[in-house]
Amino acid sequence: MIQFTYLLINILTISICFIFSFDKRIRFDRYFMDFLKAATLVAIPFIIWDAWFTKIGIWWFNETYLLGIPLAGLPLEEILFFFCIPFSCVFTYFCLNKFFNLEWMNAFNNIIVWLTVIVTSVIALRFHELQYTFVTALVTLLSILILNFGLKMESIGKVSFIYGLLMLGFLPVNGVLTGTGLESPIVNYNSNEFMNIRIGTIPIEDAVYGYVLIIWNVFFFEKFSHEKKSRDKK
């Protein structure tokens, strides 16, 4: 059964959100296709990034906890990660938006954008020799600049706040992946390629990596769901 560990993490992450998607007060099931399109678009570059880092030994996977089904140079479970984690996060974002007025959070867009630009620029320059740290800082910097100034995303403040709440779920899930409660980690990291600042067993870069993954998923999900609503009104 131990070989099902990573797969079970994915399933448990998504299961409750999937079930409640059909609740008549939520009906997130109506947006499954919008989510799938968004998640696929975002997953492609992240899978390429993941496969590259796996190939050059920035991180690697413990076969003990895997089914042993490779896909695109990665375990099948790792591919599923890029759909299961975003699903639970986008579902939570959708529900909080539906039942609460969170628009006031977007008043902090500029503060969050410029703070992110400053911090990621400093980290990228200071730790340019650490590949995981440098690439994560650079991708975050470019993402925020593109989303805010290029794509005019108006909900950066809201997404950032909700991602902070989602950390309550992120930490246990990623904690197990990085070794919490297990004899050895599912995902192992080359300590020479990141800052070695950890939240429990989780490299702090993982939290930033997750933020970029989720904010892009939310951006495309909102784009596709708004287009759907516009078509439905015609």
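Let us look at the structure shown here. (Residues numbered from 1 in each chain as written. Predicted model: local features only at pLDDT ≥ 70, side-chain atom pairs only at ≥ 80, totals over all residues. Heavy atoms only, no water.)

1. Section: the overall build of the protein chain
Then, in step 1: Of regular secondary structure, the protein chain possesses seven helices and six strands.
Then, in step 2: In sequence order, the secondary structure elements of the protein chain are arranged as α-α-β-β-β-α-α-α-α-β-β-β-α.
Then, in step 3: Expected size for 234 residues packed as a compact globule is a radius of gyration near 17 Å; at 18 Å, the protein chain falls within 12% of this value.
Then, in step 4: In terms of its C-alpha atoms, the protein chain occupies a principal-axis envelope of roughly 50 × 45 × 30 Å.
Then, in step 5: Evaluated residue by residue, the protein chain yields a buried proportion of 49% over its 234 residues.
Then, in step 6: The contacts of the protein chain with a sequence gap of at least 6 include a subset with a gap of at least 24, amounting to 79%.
Then, in step 7: Here the protein chain has roughly 12,000 Å² of accessible surface; of this, 70% comes from carbon and sulfur atoms.
Then, in step 8: Looking at the protein chain, you have 17 positive and 17 negative side-chain charges, and the mean spots of the two groups are 13 Å apart. (Helix = DSSP H or I, 4+ residues; strand = E, 2+ residues; numbered from the N terminus. Rg over C-alpha atoms; globule rule 2.2 N^0.38 Å. Buried < 20%, exposed > 50% of the residue type's maximum accessible area, 1.4 Å probe, protein only. Contact = heavy atoms within 4.5 Å. Areas by Shrake-Rupley, 256 points an atom, 1.4 Å probe, with all protein chains shown as cover. Lys, Arg positive; Asp, Glu negative; His and termini not counted. Charge placed at Lys NZ, Arg CZ, Asp CG, Glu CD.)

2. Quick word on the packing of helix α3 (residues 76-99) against helix α6 (residues 156-177)
Then, in step 1: Contact geometry for α3 and α6: axes closest at 10 Å, N-to-C directions at 140°. When the axes of α3 and α6 are compared, the crossing they make is right-handed. Contact residues: α3 offers F81, I85, C89, T92, Y93, L96 and N97, while α6 offers K158, V159, I162, L165, L166, V173 and L177.
Then, in step 2: When its residues are assigned to classes, the contact of α3 with α6 shows 11 nonpolar, two polar and one charged. (Axes fitted to C-alpha atoms, helices over the stretch in contact; angles between N-to-C directions. Left-handed = near helix turned anticlockwise from the far one by under 90°. Nonpolar A, V, L, I, M, F, W, Y, C, P; charged D, E, K, R; others polar.)

3. Thoughts on empty space enclosed by the protein
Once rolled over the atoms, a probe with the size of a water molecule shows which space is left empty.
Then, in step 1: Taken as a whole and judged by the stated rule, the model has one cavity of 30 Å³ or more.
Then, in step 2: Approximately 30 Å³ is the volume attributed to the largest cavity.
Then, in step 3: In terms of lining, the largest cavity is formed by C89, Y93, V159, I162, Y163, L166, I214 and V218.
Then, in step 4: Counting residues per element, the ones that place at least two in the lining of the largest cavity are α3, α6 and α7 (204-233).
Then, in step 5: When residues in the lining of the largest cavity are grouped by element, the largest group, four residues, is from α6.
Then, in step 6: Classifying every residue of the lining of the largest cavity by side-chain character gives eight nonpolar, no polar and no charged. (1 Å grid on protein atoms, 1.4 Å probe; cavity = no way out; pocket = protein on both sides within 12 Å on 5 of 7 lines; lining within 4 Å. Points joined across faces, edges and corners; volume = space filled by probe spheres on them.)

4. Some points on the nonpolar core
Soluble globular proteins tend to bury their nonpolar side chains together.
Then, in step 1: Residues F28, W59, Y132 and I215 are the most contacted members of the largest nonpolar core, which totals 69 residues.
Then, in step 2: The contacts of Y132, once residues within four sequence positions are left out, are W49, F53, I58, W59, Y189, E193, F194, E205, D206 and Y209. (Core = buried A, V, L, I, M, F, W, Y, C linked by side-chain atoms within 4.5 Å.)

5. A few points about the packing of helix α2 (residues 32-55) against helix α5 (residues 131-150)
When two helices pack together, their arrangement is given by the angle between the helix axes and the distance between those axes.
Then, in step 1: Interaxial distance between α2 and α5 falls to 12 Å at its minimum, and their mutual angle equals 165°. Taken together, the axes of α2 and α5 lie roughly antiparallel to each other. α2 and α5 meet at a crossing whose hand is right-handed. Of α5, the residues touching α2 (which contributes W49, W52 and F53) are Q131, Y132, V135, T136 and V139.
Then, in step 2: Of the residues contributing to the contact of α2 with α5, the split by class is six nonpolar, two polar and no charged. (Parallel < 35°, antiparallel > 145°, perpendicular 65-115°, else oblique.)

6. Observations regarding helix α4 (residues 109-126)
Then, in step 1: End to end, α4 covers 26 Å across 18 residues, agreeing with the expected 26 Å (1.5 Å per residue, within 8%).
Then, in step 2: Check the buried side of α4 and you find it contacts α5 and α6. (Expected span 1.5 Å × (residues − 1).)

7. A look at the state of the cysteines
Then, in step 1: Applying the stated criterion to the full structure yields zero disulfides.
Then, in step 2: Cysteine C89 shares no disulfide, and the gap to the nearest cysteine sulfur, in C17, comes to 8.3 Å.
Then, in step 3: For the unlinked cysteine C95, the closest cysteine sulfur is that of C17, found at 7.6 Å.
Then, in step 4: Taking relative accessible area as the criterion, C95 reaches 12% and is therefore assigned buried. (Disulfide = S-S within 2.5 Å.)

8. Section: the environment of F194
Then, in step 1: In this structure, F194 sits in the loop between β4 (187-189) and β5 (198-199).
Then, in step 2: Distance in space between the C-alpha atoms of F194 and E129 is 9.0 Å, their sequence separation being 65 residues.
Then, in step 3: Those residues in contact with F194 that sit more than four places away from it in its chain are L130, Y132, T133, Y189, P203 and E205.

9. Details of the packing of aromatic side chains
Then, in step 1: Following the criterion strictly, the structure yields 36 aromatic pairs and no others.
Then, in step 2: Aromatic side chains F22 and F32 sit 5.7 Å apart centroid to centroid with 90° between the ring planes, which places their arrangement in the edge-to-face category. Of this pair, F22 sits in the loop between α1 (5-20) and α2 while F32 sits in helix α2, and the two are 10 residues apart along the sequence.
Then, in step 3: Note on F22: relative accessible area 45%, which makes it partly exposed.
Then, in step 4: A relative accessible area of 23% means that F32 is categorised as partly exposed.
Then, in step 5: Linked through ring pairs, F46, W49, W52, F53, W59, F81, F82, Y132, Y189, F194 and Y209 together constitute an aromatic cluster.
Then, in step 6: The ring of F127 carries R126 above its face, with NZ or CZ at 4.6 Å from the centroid. (Phe/Tyr/Trp six-rings, centres within 6.5 Å; stacked < 30°, edge-to-face > 60°. Lys NZ or Arg CZ within 6 Å of the ring centre and 35° of its normal.)

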